[in-house]
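Single-letter residue listing:
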Amino acid sequence: MAEIAAFLGVSRQRANTLADRLDFPEPIAHLTVGRVWATADIRAWAEKRRRELEGEAG
């Protein structure tokens with residue numbers, strides 16, 4: 001989740017909230033350390049929502 005937060009430019013808490021959205025990509029794995037996503041899926045999702053995510057740094 002820390003990597004997703006850094007990529008999106010948001011806090012880890014906000015990244016967790018975003019990951020719980022219905023339109024967020026499905027994780028490719030569920031490990032004991034947490035969910036894992038494909039980088040390409042996160043990049044594609046973020047590109048579609050870049051305007052929405054602008055200004056959410058934190």
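What you see is a predicted model; the values in this text were computed from it and never measured.

Colleague: Quick rundown of helix 3 (residues 39–48)? Include the residues and the values.
Modeller: Among all positions in helix 3, only Ile42, Trp45 and Ala46 are buried. The arc that holds every buried residue of helix 3, seen down its axis, measures 95°, which confines them to one face. Seen from the buried face of helix 3, the exposed residues on the opposite side, beyond 90 degrees, are Ala40, Arg43, Glu47 and Lys48. Contacts made by the buried residues of helix 3 are with helix 1 (2–8), helix 2 (12–19) and helix 4 (50–53).

Colleague: Tell me about the nonpolar core, and name the residues and values.
Modeller: If you look at the biggest cluster of nonpolar residues, it comprises 14 residues, and the most contacted ones within it are Ile4, Leu8, Leu18, Phe24, Trp37 and Trp45. Of all elements in the fold, only helix 1, helix 2 and helix 3 reach the threshold of two or more residues within this core. If we ignore the near neighbours within four places in the chain, the residues touching Leu8 are Leu18, Trp45, Ala46, Arg50 and Leu53.

Colleague: Quick one: what's the story with the packing of aromatic side chains, residue by residue and with numbers?
Modeller: This model, assessed by the stated rule, comprises 2 aromatic pairs. For the ring pair Phe24 and Trp37, a centre distance of 5.6 Å and an interplane angle of 85° mean the geometry is edge-to-face. Of this pair, Phe24 sits in the loop between helix 2 and strand 1 (29–31) while Trp37 sits in the loop between strand 2 (34–36) and helix 3; the two residues are 13 residues apart in sequence, bridging distant segments of the chain. Residue Phe24 is classed as buried on the basis of its relative accessible area of 4%. Among the residues examined, Trp37 registers a relative accessible area of 10% and is labelled buried.

Colleague: Describe the layout of surface pockets, with residues and values.
Modeller: Approximately 220 Å³ is the volume attributed to the largest pocket. Looking at the largest pocket, it is lined by 13 residues, and the ones nearest its centre are Glu3, Ile4, Trp37, Thr39 and Ile42. Secondary structure elements with two or more residues in the lining of the largest pocket: helix 1, strand 2 and helix 3. Taken together, the residues of the lining of the largest pocket break down into 8 nonpolar, 2 polar and 3 charged.

The rules we used
- Residues numbered from 1 in each chain as written.
- Predicted model: local features only at pLDDT ≥ 70, side-chain atom pairs only at ≥ 80, totals over all residues.
- Heavy atoms only, no water.
- Buried < 20%, exposed > 50% of the residue type's maximum accessible area, 1.4 Å probe, protein only.
- Helix = DSSP H or I, 4+ residues; strand = E, 2+ residues; numbered from the N terminus.
- Arc of directions from axis to C-beta.
- Contact = heavy atoms within 4.5 Å.
- Core = buried A, V, L, I, M, F, W, Y, C linked by side-chain atoms within 4.5 Å.
- Phe/Tyr/Trp six-rings, centres within 6.5 Å; stacked < 30°, edge-to-face > 60°.
- 1 Å grid on protein atoms, 1.4 Å probe; cavity = no way out; pocket = protein on both sides within 12 Å on 5 of 7 lines; lining within 4 Å.
- Points joined across faces, edges and corners; volume = space filled by probe spheres on them.
- Nonpolar A, V, L, I, M, F, W, Y, C, P; charged D, E, K, R; others polar.

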